[in-house]
Amino acid sequence: MRRALALLRRRVLGVVPVFALVVLGAFLLLEAAPGDAVDAYLAGIGGGDAAQVASLRAEWGLDGGPLPRLIAYVSALLRLDLGWSSAFQRPVLEVVLERLPNTLLLMGMATLLALSLGSLLGIVCGARPGSLRDRALSLTAIAIYAMPGFWLGLVLIVAFSVELRWLPSGGIETVASGLSGLDRATDIARHLVLPVLSLGLVYMALYLRLMRDGMAELWSQDFVRAARARGMTGTRLALRHVARNALLPVVTMLGLQSAAMLGGSVVIESVFAIPGLGRLASEAVSRRDTPLLLGVVLLSAVVVMLVNMLVDLAYALLDPRVGSGTGGSGAGG
Amino acid sequence: MNVLRRMLATGEGLAGLAMLSVLVAVALAAPLLAPGDPLAIRGDPLLRPFQEIAHPLGTDRLGRDVLSALIHGARTSLLVAVSAAAAALFIGITVGTIAGFLGGWVDEVLMRVAEAFQTVPAFLLTLALISVTGPRATTIVLGIAIGAWMQPARITRAEILSLRERDFVAAARVVGMRPLEIAFREVLPNALTPVVSLAAVIVAAAVLIEAALSFLGFGDPNRVTWGSMIAEGRTVLRRAPWLSIIPGIGLVLTVLAVHLTGRGIGHALRARRVVA
Amino acid sequence: MRAPFPCHPLARRSLLAGAAALSLPRAASATLPKRGGRLTVAADSEPPNLNPAIIASNGVFFVASKVIEPLAEAAFGGRDGLAPRLATGWEAAADGRSITFTLRQGVTWHDDRPFTSADVAFSAMEVWKKLQNLGRAVFRDLEAVETPDAHTAVFRFAVPTPAQMIRNALPVVTSVLPKHLYEGTDIMRNPANQKLVGTGPFRFAERRPGEYTRLVRNPTYWEAGRPHLDEIIYRVLPDRAAAGNALEAEEIQLAAFSAVPLADLDRIGKVPGIKVISTGYEGLTYQLVVEINHRRKELSDVRVRRALAHAIDRDFVVRTIFRGYAATSQGPVPKNDRVFHAQDVTGYGFNPARANALLDEAGYPRAADGVRFRLRLLPAPFFNETRQFGDYLRQALAAVGIDATIVSNDTPAHLRAVYTDRAFDITVASPVYRGDPAISTTILFQSGLPAGVPFANQYGYENAEVDALIRQAAGTIDDAERVRLYRAFQKQVTDDVALINVAEFSFITVARDNLAGVSNNPRWAVSNWADLDFI
């Protein structure tokens, strides 16, 4: 446990400069965008006169050169002030935090699906590398991996919600349903089935591949041969020795994929009309609301860093070999 | 060409390369196969596929030929994806080489920057760049590249680090070559192999990112892309599902071809290394 | 957050529907004092500011008109084509200098304060005249609103103002706000712009951004027995394919404003339980228009502009892009306004040969690559149809040797590029005709407007005769003379091809069969829905 805490502390310290760079990047993009926060604010409330513009600029610290503006931006961030969203006429932080839970739910479920189904099928393939079963499953997985998630989503909508009427076609829950407790959870789950499939299936192939390749390699290693010599056979050997060891890189992949999943949710949330961070990002682009977009970017960066930290921690707890010496290969995503 | 032969020996590599060759040929010959503007209105709107010989894959909402849009879309998709991958590899290899060879604080800073880029989802990075500069083909290429250069940079750096202390590097130092000259002229060529097998992964990802961008409406409106075809077909998904399904199949086949080819190359290169 | 429900609306509704079908004819059932549960409607956007007194646009009215009422609403028939709402009568003085409104008695705001003439006076002077996009023009000469008693408001104008124009504008520009919530505050930033408080049949309940807006029945509405519905939910469905799917799956019961794509109507109209309705938008005619930047050298030549007009196949546009749900157009006043529409405007039929000849004559021959000159084309992103017409226009112009490059923008960027920066050559626009040319039509032709006024002549079009006609008509109070002047105006601007009118379109409503009271007035989608009910 102490080891884990030490690791955690080191990871937190390591994250600080990285996050500072992300903030700097966000600031540069904000500078490059046409118009500043005052323009955006005034456009939203229907314009203002020159004196009002000047006083707002001074008030928000936007009247100086780039350096004072950077200082103003960073100090606002430290106060958790992410700026004003012109598209929503509300503070950015409020808007993004409101959407975060839906995205985390979608991402979490999709990761769970990709991980469990991928590992399972990976074990099936890796138990007998090169077999017909292995080749057929691997090829199917790579074909799914080649599908654009949004296209898969459209096809699933046509099949399951429009033709078969089994599942709702969009949204996160039945609007203003008045449901609570278990009923509400069931309702949300029904709405999530198709988006989670569209997002998760695509990434499933990755875990399948990793698990399968890892197992294929492990079969030829000494400790496996030894176990086999001891008379261990078939499924038991595959599961107890080979699969277990092949799982570690899969865990690392979890951290690596969290950023990609967040990116993928932009399109999936748009297809399924889920009010999450991803759809917010594409709304921010189409309504040219740069502060809002950067709010989404910063929050996603925080999410990715946290996920990676958790993954590192899990890794340290699972694998006694991870000492306090190495930084961990999942660093930063 | 041992590598090529070994690659073709794997079923995957052969299939991938065959598909990819057809796609590239179609993309290159697009002006011959489907002359004229693919956005031109040529017939009745919403014709079904396989109904009229003049429009074998049917027509869209405005009566534009789906087949010629598909052919020209292949051109756009591949062009954007290959340029983006080339740009990503260029940035990645340059940064990786400098970081790996110079080491010290330069390495530290560059790798932190790479880590920062990896912390932000690539698709969001691309969106951010496009929202600031507007949807132009060059911006889209650059946007995809800045979301994809980090992995080649890391791999190049790792390779360079393992080669840095080899004899031929020391020899170059003795001859009096400057450090960066050594890095790019002596070390880099030896480090390239594993980076190149990454190219396929990046091209495949770039095809999908470009499609997703066009699908969301952030592509160049004067060009046909598969993503924009799917987006446009989406409003008539029930009435004319082929408008979304046909370009989708195009995307799946392209990405699949690139992946299979990449894996074929990977196998072949690994085999060569083992032999050497 | 959870909606309190007296009982399950669906269960009760189907019981009632069954009973009605068994025993009562439609007309009789409408008189029963029953209330009909929850209506879920497709909404494609969520305006951040919902205040219809400030932003008089259909996107805002779609939600806000159920909560905040105007003085009068448009009606099929009725005096002046109007149905009284907060005003029960209006009388214009013969000199055109004043209009007296008699206000409804016994009306209360949703926070139970009484509605009086002070609310009307405040709204008119502080909001409509100063802040509202359309009111700034309509009430430009409004000097004062006198309130001799709590239920009379007298509007006094500095110059003679045509009562016809004010009457035609009433449904759009006179949403009344509660003075007690707005007086002395920063009106633009008042929280009541989001959480609306009005006198209408529905009260604002809650909004979940990205998900829905919920309105609930106003139990103290002034019209006895109305409204019938318990709730209206506007479910956000930004994707147009989604509305049709949701209707078929009975997740929603109504999709107005062509939320179901036109190309899908043939199919969805055949689905049992769903009806397609093309009426109820007579007062909301949109015009598909090509705006022209007259500052551009080639386009300053009327022959070139005429060539552009001849290059467009209006029948193709109506048939293919609008799937027949539109009419071709040649002038700035649509055909369905039988009072003002001029039939003798200069028309430009589809004639590419004529277009080519005109361009040759103007001195722009085709170069070796077949191109005469190049233009930037900015299709407005407002509707699928404006974008698609942009794609079509590019092809139509290519056929006469003009190479147009499409520049696509989101709404704010489009507005800035066209109406502030004037950085365009031609555009595709969709201005709204609001029942009187003076409200939002003449502004498209009148010269000398400052940059930054949207949906106005930022095109560099200048014709002294047109300006004179517009000025003269604005001060004419005789109805027949106004009509004559506006007809002369239409003739002149079409002769000049100030801009190109291509088509007139309105919208389609798709609803479940059991919804009664749909499309029963000319601005139905943006009216109060007090009489809407399930049968």
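Asks: Give me the overall build of chain B: which residues, what numbers.
Replies: Of regular secondary structure, chain B possesses 12 helices and zero strands. Across chain B, helices and strands are ordered from the amino to the carboxyl terminus as α-α-α-α-α-α-α-α-α-α-α-α. By its C-alpha atoms, chain B is 75 × 45 × 30 Å across when sized along the principal axes. A burial count over chain B gives 55% of its 276 residues as buried. Residue pairs at least 24 apart in sequence account for 68% of intrachain contacts in chain B once pairs closer than 6 positions are excluded.

Asks: Describe in detail the pairing of strand β5 (residues 98–103) of chain C, supporting the description with residues and values.
Replies: Residues and elements named next belong to chain C. By the alternation rule, side chains of β5 split into Ile99, Phe101 and Leu103, which are all buried, and Ser98, Thr100 and Thr102, of which none is buried. Bridge count for strand β4 (residues 87–92) against β5 is five bridges, and the pairing is antiparallel. Bridge pairing in β5 links Glu91 to Thr100. The hairpin turn running from β4 into β5, its antiparallel successor, is five residues long, and Gly96 in that turn takes a positive phi close to 75°. One ladder, built from five bridges, connects β5 with strand β7 (residues 152–157); its direction is antiparallel.

Asks: So what's going on with the interface of chain B and chain A? Residues and values would help.
Replies: Taken together, the contacts link 35 residues of chain B with 41 residues of chain A. Of all the secondary-structure elements, those providing two or more residues to the side of chain B that touches chain A are α5 (104–119), α6 (122–133), α10 (179–215), α11 (226–234) and α12 (242–275) of chain B. Residue contributions to the side of chain B that touches chain A peak at eight residues, all from α6(B). For the side of chain B that touches chain A, a count of residues per class yields 24 nonpolar, seven polar and four charged.

Asks: An account of the sheet that holds β4(C) is requested, with residue identities and associated values reported.
Replies: Residue and element names in this part refer to chain C. The antiparallel open sheet is built from four strands, whose spatial order is β4-β5-β7-β6. Strands with a single pairing partner mark the edges of an open sheet, and in this sheet they are β4 and β6 (142–149). Strand-to-strand, the axes of this sheet are offset by a mean angle of 20°, without reference to chain direction. With five bridges connecting them, β6 and β7 associate as antiparallel partners. By the bridge assignment, Ala144 is partnered in β7 with Arg156. Here helix α4 (residues 117–131) sits on the sheet and contacts β5, β6 and β7; the angle it forms with β6, its principal contact strand, is near 170°.

Asks: Go over the interface of chain C and chain B with me, naming the residues and quoting the values.
Replies: Contact residues are listed per partner, giving 17 residues for chain C and 17 residues for chain B. Among the secondary structure elements, those contributing two or more residues to the side of chain C that touches chain B are α8 (240–248), α13 (384–398) and β16 (402–406) of chain C. Tallying contributions element by element places α13(C) first for the side of chain C that touches chain B, with six residues. Each residue belonging to the side of chain C that touches chain B can be placed in one class, and the counts come to six nonpolar, seven polar and four charged.

Asks: Summarise the environment of Ala259(A); cite the residues concerned and give the values.
Replies: In this structure, Ala259(A) sits in helix α10 (residues 234–271). Ala259(A) sits in the buried class, given 28 other C-beta atoms within 10 Å.

Asks: Provide a residue-level description of the environment of Gln388(C), including the pertinent values.
Replies: Inspection of the secondary structure puts Gln388(C) in helix α13. Leaving out residues up to four positions away in the same chain, Gln388(C) has contacts with Arg61(B), Leu62(B) and Ile321(C).

Asks: Break down the packing of α5(B) against helix α8 (residues 150–163) of chain B for me, citing the residues and quoting the values.
Replies: All names here are of chain B. Where α5 meets α8, the closest approach of the two axes is 10 Å, and the angle between their N-to-C directions is 145°. As for how α5 packs across α8, the hand of that crossing is left-handed. Along its contact with α5, which presents Ala114, Phe117 and Gln118, the element α8 presents Met150, Ala153 and Arg154. Class assignment for the residues of the contact of α5 with α8 results in four nonpolar, one polar and one charged.

Calculation notes
Residues numbered from 1 in each chain as written. Chains lettered and ligands numbered in written order. Predicted model: local features only at pLDDT ≥ 70, side-chain atom pairs only at ≥ 80, totals over all residues. Helix = DSSP H or I, 4+ residues; strand = E, 2+ residues; numbered from the N terminus. Buried ≥ 20, exposed ≤ 12 C-beta atoms within 10 Å, placed from the backbone. Contact = placed C-beta atoms within 7 Å. Pairing = 2+ DSSP bridges. Nonpolar A, V, L, I, M, F, W, Y, C, P; charged D, E, K, R; others polar. Axes fitted to C-alpha atoms, helices over the stretch in contact; angles between N-to-C directions. Left-handed = near helix turned anticlockwise from the far one by under 90°.

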